[in-house]
Amino acid sequence: MSDKNAESSVKFKTSIGGQALIEGIMMLGPTKRAIVCRGSGEMVEKVEPVTPLKEKQPILGWPLIRGVAAFISSMVNGVKALSYSADQLPEDMQEEPDKIDLWIEKHFSNDTAQKLVIGVAVVLGIALSLFLFLFLPTFIVGLFPAVKSDFYWRTLLEGILKLVIFFIYLILCSKMKDMKRLFSYHGAEHKTIFCYEKGLPLTVENVRPQPRLHPRCGTSFIFVVIIISIIAGSFIHVSDTMLRMGLKFLMLPLIVGLSYELNRWVGRHDNLCSSILSWPGKQFQRITTNEPDDEMIRCAIRALELVIPEEKGSDAW
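One structure accompanies this document, and this report is about it.

What counts, and at which threshold
Residues numbered from 1 in each chain as written. Predicted model: local features only at pLDDT ≥ 70, side-chain atom pairs only at ≥ 80, totals over all residues. Heavy atoms only, no water. Core = buried A, V, L, I, M, F, W, Y, C linked by side-chain atoms within 4.5 Å. Buried < 20%, exposed > 50% of the residue type's maximum accessible area, 1.4 Å probe, protein only. Helix = DSSP H or I, 4+ residues; strand = E, 2+ residues; numbered from the N terminus. Contact = heavy atoms within 4.5 Å. Salt bridge = Lys/Arg side-chain N within 4 Å of Asp/Glu carboxyl O. Pairing = 2+ DSSP bridges. Axes fitted to C-alpha atoms, helices over the stretch in contact; angles between N-to-C directions.

## Digging into the nonpolar core
And step 1. In terms of nonpolar packing, the biggest core is built from 26 residues, with Ile 25, Met 27 and Leu 304 touching the most fellow members.
And step 2. Residue assignment for this core shows that the elements contributing at least two residues are β2 (24-28), β3 (32-37), α8 (177-197), α9 (204-207) and α13 (294-305).
And step 3. Excluding residues that lie within four positions of it along the chain, Met 27 makes contacts with Ile 16, Gly 17, Gly 18, Lys 32, Arg 33, Ala 34, Glu 189, Ile 193, Ala 300, Ala 303, Leu 304 and Val 307.
And step 4. Counting 10 residues, the second-largest nonpolar core is a separate cluster that includes Phe 133, Phe 166, Phe 223 and Phe 284.

## Describing the pattern of salt bridges
And step 1. Under the definition given, this model contains 16 salt bridges.
And step 2. Measuring nitrogen to oxygen at the nearest pair gives 3.1 Å for the salt bridge that ties Asp 270 to Lys 13. Taken together, the residues Asp 270 in the loop between α11 (241-268) and α12 (272-288) and Lys 13 in the loop between α1 (3-8) and β1 (17-21) connect sequence positions 257 residues apart.
And step 3. Judged by its relative accessible area of 12%, Lys 13 falls in the buried class.
And step 4. The salt bridge involving Arg 154 is made with Glu 158; its shortest N-O contact spans 3.3 Å. With Arg 154 and Glu 158 both in helix α7 (residues 151-174) and four residues apart, this pair spans about one turn of that helix. Each member of the pair, Arg 154 as well as Glu 158, carries the same accessibility label: buried.
And step 5. If you follow the salt bridges from partner to partner, you end up with Lys 191, Arg 208, Arg 212, Glu 291 and Asp 294 in one network.

## Notes on the sheet that holds β2
And step 1. The four strands are arranged β1-β2-β3-β4 in an open sheet whose pairing can be described as antiparallel. Looking at the sheet topology across the chains shown, the edges are occupied by β1 and β4 (44-49). Neighbour-to-neighbour, the strand axes of this sheet turn through a mean angle of 15°, independent of strand direction.
And step 2. For β2 and β3, the ladder comprises five bridges, and the chain directions are antiparallel. Residue pairing in the sheet places Ile 25 in a bridge with Val 36 of β3.
And step 3. The strands that helix α3 (residues 65-87) touches are β1, β2, β3 and β4; relative to β1, the one it contacts most, it runs at about 40°.

Here it is as C-alpha cells:
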C-alpha cells in the first residue's frame, strides 16, 4: 500500500503524538504521557498525568503563542524522556558520567541536579539549532560582498544553505549506529499512530504495513520552520550581518508560532493543498524514520495503549 493511499484512508485524526527514545518510545495523549522502554530486554513502563498548557495559563492556548509554548514544552519533556530511557539501559551500556555531571551530582541534590542537567541540555540543543540554521548561514553568505546588499539573492542563498545544512545534519545522524535504532523506533511510532487512526486493532500484524511517513511529524515541523524563516528573512532589508542575525533571532517566536499553526492545519486536512505542503517534510522523514522490528512495534503499541483516553474520540485532532 502506498503512503498516499494509506493516508487517504485515514478518517479519524488523533492528537496523540510521540517521540522515539533510546530503546523506547514516549507517547503523549490528552491527559497522560507514557514512556515504554526495553533497554534491559523487558518492557519498562512509566505513566504520568498531563495538564494541557492552556489549562495552566489560558494565554498559552492562543494562536501563535501556543506554538511557542508547545515547542518549549516538547523540548523539555523530550530531554526528560531521553534521560529516563538512557537510565533504563543495562549498566554496562550506560555512559560514564563526565566531569561536569560529577560536579553537579556533588554540589546538588538528585532532584535539583536532574533539573539542572535537563535545563542545560535544552539550552544547548536550542543554541546548536540557532547556530546551525540561523547564525551560520547568515554569517557565511554575509562574507560575499556581491550579494550582501541584494536582499532577495541574499535571502535565497541563506535559505539554500539552511536546507543543505539541515540535510547534511540528518544524513550524518542517520549514519550513527545508535541513531539508526532510534529512527526505527520513530518509524514504529508513526506506523502505530496510523493504525490507531484507521480504527484497526493494535497488533503487530496491523501496524507493520502502515506507512512510516506521517504529516504531523516533528521533522516536518522543523522543515516548515526553516521555510518560513526563509520567507521572513526576505523582509529584513539590512546588510549588516550582526544586525541581520539579531533581527532574525527576534523574529523566531513569530516564525515558530506560524510554523505550528501551518503544521496544525496540514494535519487536520486531506486535500491537494495539504498534500503539497506536507510532501517536502515527509521526504526528510525518509531519513529520520526506518522500518522497525516487531519488538519496536510492540513497544510503540503499548505506549499508545497507555495514553488512549477513556472517552472515545476525545483525542480528536
